[in-house]
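So the chains spell out like this:
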Amino acid sequence: MPSSPLSGTRASLALAAASGITPTASTVPGAPAATFSRLATAAPARFAPASLYSHRLHSPAAGSASPFFTSMSSSPSTRAVMVASHLSAASIHASSSSSATASGAATPASPPQPPQPPVLARRVQNLRVFILNRPSALNALSTEMVQLMTPQLKAWNESDLCKVILLMAASGSRAFCAGGDVKDIVLKAKTRRAEEVAAGLKFFEQEYQLNHLIGTLKKPFISLMDGITMGGGVGLSVHAPFRVVTENTVFAMPESGIGLFPDVGGSFFLPRLDGELGTYLGLTGHRLKASEVLFAGIGTHYIPAHRIPMLITRLSEVEADDPEAINAILEEYVGDIGPEEWQTWSLGGKVADAINRCFKFDRLEEIVEALKKEASKLQSIHAYVI
């Protein structure tokens, strides 16, 4: 599995942050880069602000931490180093193991390590972090992962010590979350045993409840969509008030390809995108990459992956659970996106006009017919030009 661009730079960047080196926000010719981030921040609020939800899940008072919860040092001199150490531990372990195997050198037998849970919970001063930890399965969302996250998220939501919550993938992961663990659900269904089928259906119920909880939290929640983000991964991210994309982000709602509908709240956020873009994405499963996720109005901030460790350290220092303060911190790390990129992105301009013409209908048959007419028109133009 190819390593993430983050894996080789987390420690050095975190050390730089610990030494007091502050990054300078990049700018684009004629306008600050943050301008585009702010525009995107305002647009997605159409579909995901917590204030728009009329019901809230019951959040119990903060109690004892979950077994998978780990506290990190809050010492200012070691904070950034600890961030890098915790977030890159999995990739360092994998690298060490593969190096020993490749060299063929005999290594002393070590006691077997207990398997890590598929979701890790970390505390970095006032920041709380969920780390999706199934990289070999592209962090596909399982029942166990949902059951680990939900009670801890409720506890953090009620804790006065928690100021902001971050959801991210383990270092070295190709995916943020590539979807729900469909394979496990299909295997349960194939047994035709009532209890197994019920367990498969229970996953969807609990997954959707987690999606709703993320969208109705009192605490600021940041979803770091660094890598493949599809299906169930969209449910973990799109309802958050802050949705950070990087150059590694690949976004899609591919459910229609397996005979399912765009779930995890897809029927809520997709129609709220500009024009008929949401209908197009839901019916085709088209993939958006990197800054395209921002241009579509799904992401709120575009931040280069190499700046993430410094962002995490900065977020750990926040002293209030104020969304405006969190947004200001995110703005410090946004990357360069020039106006020409917005004007030429793959689903903008004339392509967007064609999408709006063809996907404005309520019946699939009408959409197909409109697509045929559009194709015929393009063929006529092409023949005329030739």
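Residues numbered from 1 in each chain as written. Predicted model: local features only at pLDDT ≥ 70, side-chain atom pairs only at ≥ 80, totals over all residues. Heavy atoms only, no water.

Engineer: Please clarify how the overall build of the protein chain should be interpreted in this entry.
Structural biologist: Per the secondary structure count, the protein chain includes 15 helices and 13 strands. For the protein chain, the residues scored as buried account for 47% of the 386 residues in total. Once local pairs closer than 6 in sequence are excluded, the contacts in the protein chain between residues at least 24 apart make up 74%. When the accessible surface of the protein chain is split by element, carbon and sulfur atoms take 58% of a total near 18600 Å². (Helix = DSSP H or I, 4+ residues; strand = E, 2+ residues; numbered from the N terminus. Buried < 20%, exposed > 50% of the residue type's maximum accessible area, 1.4 Å probe, protein only. Contact = heavy atoms within 4.5 Å. Areas by Shrake-Rupley, 256 points an atom, 1.4 Å probe, with all protein chains shown as cover.)

Engineer: Help me out: how do you make sense of a nonpolar patch on the surface in this one?
Structural biologist: On the surface, a nonpolar cluster with roughly 520 Å² of combined accessible area is contributed by Val182, Val186, Tyr208, Ile258, Leu260 and Phe261. Tracing the sequence through the fold places tyrosine 208 in helix α6 (residues 194-215). (Patch = residues over 30% accessible without salt bridge, like charges linked within 9 Å, V, L, I, M, F, W, Y side chains within 5 Å. Salt bridge = Lys/Arg side-chain N within 4 Å of Asp/Glu carboxyl O.)

Engineer: Please explain the sheet that holds strand β7 (residues 175-177) as it appears in this structure.
Structural biologist: The pairing of strands in a sheet happens through backbone hydrogen bonds and is either parallel or antiparallel. Strand order in the open sheet formed by four strands is β7-β9-β11-β12, with mixed pairing between adjacent strands. Edge positions in the open sheet fall to β7 and β12 (288-289), since each of these has one partner strand only. As judged from the two bridges shared by strand β11 (residues 250-252) and β12, these two strands associate in the antiparallel manner. Across the sheet, the residue bridging to valine 250 is lysine 289, located in β12. (Pairing = 2+ DSSP bridges.)

Engineer: So what exactly am I meant to see when it comes to the packing of aromatic side chains here?
Structural biologist: Between two aromatic rings, the relevant description is the distance of the centres plus the angle of the planes. One pass over the full model with this rule turns up seven aromatic pairs. Here the aromatic rings of phenylalanine 130 and tryptophan 156 are separated by 4.6 Å at their centres, their planes lie at 40 degrees, and the arrangement is tilted. Of this pair, phenylalanine 130 sits in strand β5 (residues 127-132) while tryptophan 156 is found in helix α4 (residues 143-158), placing the two residues 26 residues apart along the sequence. Among the residues examined, phenylalanine 130 registers a relative accessible area of 0% and is labelled buried. Ring pairs connect the aromatic residues Phe203, Phe204 and Tyr208, which therefore count as one cluster. (Phe/Tyr/Trp six-rings, centres within 6.5 Å; stacked < 30°, edge-to-face > 60°.)

Engineer: What is the right way to look at helix α9 (residues 277-284) in this model?
Structural biologist: For an α-helix the count is 3.6 residues per turn, leaving residues at separations of three or four pointing the same way. Residues Leu277, Gly278, Tyr280, Leu281 and Gly282 constitute the buried set of α9. Here the buried face of α9 lies against β12 and α14 (349-358).

Engineer: Sorry if this is basic, but what is going on with the packing of α4 against α6 here?
Structural biologist: Angle between the axes and distance between the axes: these two values describe a pair of packed helices. Orientation of α4 relative to α6, taken along the N-to-C sense of each, is 35 degrees, at an axis distance of 10 Å. When you trace α4 past α6, the crossing you get is left-handed. Only Phe203, Gln206, Glu207, Leu210, Leu213 and Ile214 of α6 make contact with α4, whose side of the interface consists of Thr143, Val146, Gln147, Met149, Thr150, Leu153 and Lys154. Considering only residue class, the contact of α4 with α6 consists of seven nonpolar, four polar and two charged. (Axes fitted to C-alpha atoms, helices over the stretch in contact; angles between N-to-C directions. Left-handed = near helix turned anticlockwise from the far one by under 90°. Nonpolar A, V, L, I, M, F, W, Y, C, P; charged D, E, K, R; others polar.)

Engineer: Where do I start with the side chain of arginine 128 in this structure?
Structural biologist: Take arginine 128: it is sitting in strand β5. No salt bridge is formed by the buried arginine 128, whose closest oppositely charged neighbour, aspartate 160, lies at an N-O distance of 10 Å. A polar contact of 2.6 Å, which involves the side chain of arginine 128, links it to the backbone oxygen of glutamine 125. (Lys, Arg positive; Asp, Glu negative; His and termini not counted. Polar contact = N/O pair within 3.5 Å; in protein donor to acceptor, adjacent residues only side chain to side chain.)

Engineer: Help me understand the nonpolar core, please; the structure alone is not making it clear to me.
Structural biologist: Considering soluble globular proteins, one finds that nonpolar side chains tend to be buried as a cluster. With 29 residues, the main nonpolar core has Phe251, Leu277, Leu281, Leu288, Ile298 and Leu347 as its most contacted residues. For this core, the elements supplying multiple residues, two or more each, are α9, α10 (291-295), α14 and α15 (364-385). Apart from the residues lying within four places of it in its own chain, the contact partners of phenylalanine 251 are Met225, Thr229, Val234, Phe269, His286, Arg287, Leu288, Val293 and Ile298. (Core = buried A, V, L, I, M, F, W, Y, C linked by side-chain atoms within 4.5 Å.)

Engineer: Help me understand the pattern of salt bridges in this model?
Structural biologist: Applying the stated rule across the entire model yields nine salt bridges. A salt bridge links lysine 188 to aspartate 184; the nearest nitrogen and oxygen atoms lie 2.7 Å apart. Taken together, the residues span about one helical turn, with lysine 188 and aspartate 184 both in helix α5 (residues 182-190) at a distance of four residues. Owing to a relative accessible area of 18%, lysine 188 belongs among the buried residues under this scheme. With a relative accessible area of 31%, aspartate 184 lands in the partly exposed category. Notably, a salt bridge pairs glutamate 195 with arginine 193, separated by 3.5 Å at the nearest N-O pair.

Engineer: Got a minute to help me understand the pairing of strand β6 (residues 164-169) in this structure?
Structural biologist: The two faces of a sheet get side chains in turn, since along a regular strand they alternate between them. Among the six residues of β6, six are classified as buried, and the element is accordingly described as predominantly covered. Burial of the side chains of β6 extends over both faces: Val164, Leu166 and Met168 are buried on one face and Ile165, Leu167 and Ala169 on the other. Where β5 lies against β6, six bridges are found, and the strand directions are parallel. Counted as the bridge partner of leucine 127 is valine 164 from β6. As for the winding sense of the linkage, the β-α-β connection from β5 through α4 to β6 is right-handed. (Right-handed = clockwise from strand over helix to strand, strands pointing away.)

Engineer: Looking at this model, I keep getting lost on the confidence of the model for the protein chain. Mind explaining?
Structural biologist: Detailed reading of predicted coordinates is not advised where the pLDDT is low. Predicted confidence across the protein chain gives a mean pLDDT of 78, with 70% of residues reaching 70 or more. A low-confidence stretch, residues 1-79 stays under pLDDT 50, and its non-local contacts, those more than four residues away or across chains, total 167 contacts. (pLDDT = per-residue confidence, 0-100.)

Engineer: How should I be thinking about α6 in this particular structure?
Structural biologist: Relative to the 32 Å expected for 22 residues at 1.5 Å per residue, α6 spans 32 Å between its end C-alpha atoms, a close match to the ideal helical length. Looking at α6, one finds that the buried residues are Gly200, Phe203, Gln206, Glu207, Leu210, Asn211, Leu213, Ile214 and Gly215. (Expected span 1.5 Å × (residues − 1).)

Engineer: Explain the packing of helix α11 (residues 308-316) against helix α12 (residues 323-331) here, please?
Structural biologist: Between α11 and α12, the least distance of the axes is 10 Å, while the angle of their chain directions is 155 degrees. Considering the angle they form, α11 stands roughly antiparallel to α12. Note that α11 runs across α12; the crossing there is right-handed. For the pair formed by α11 and α12, the contact residues are Leu311, Arg314 and Leu315 on the first element and Ile326, Ile329 and Leu330 on the second. (Parallel < 35°, antiparallel > 145°, perpendicular 65-115°, else oblique.)

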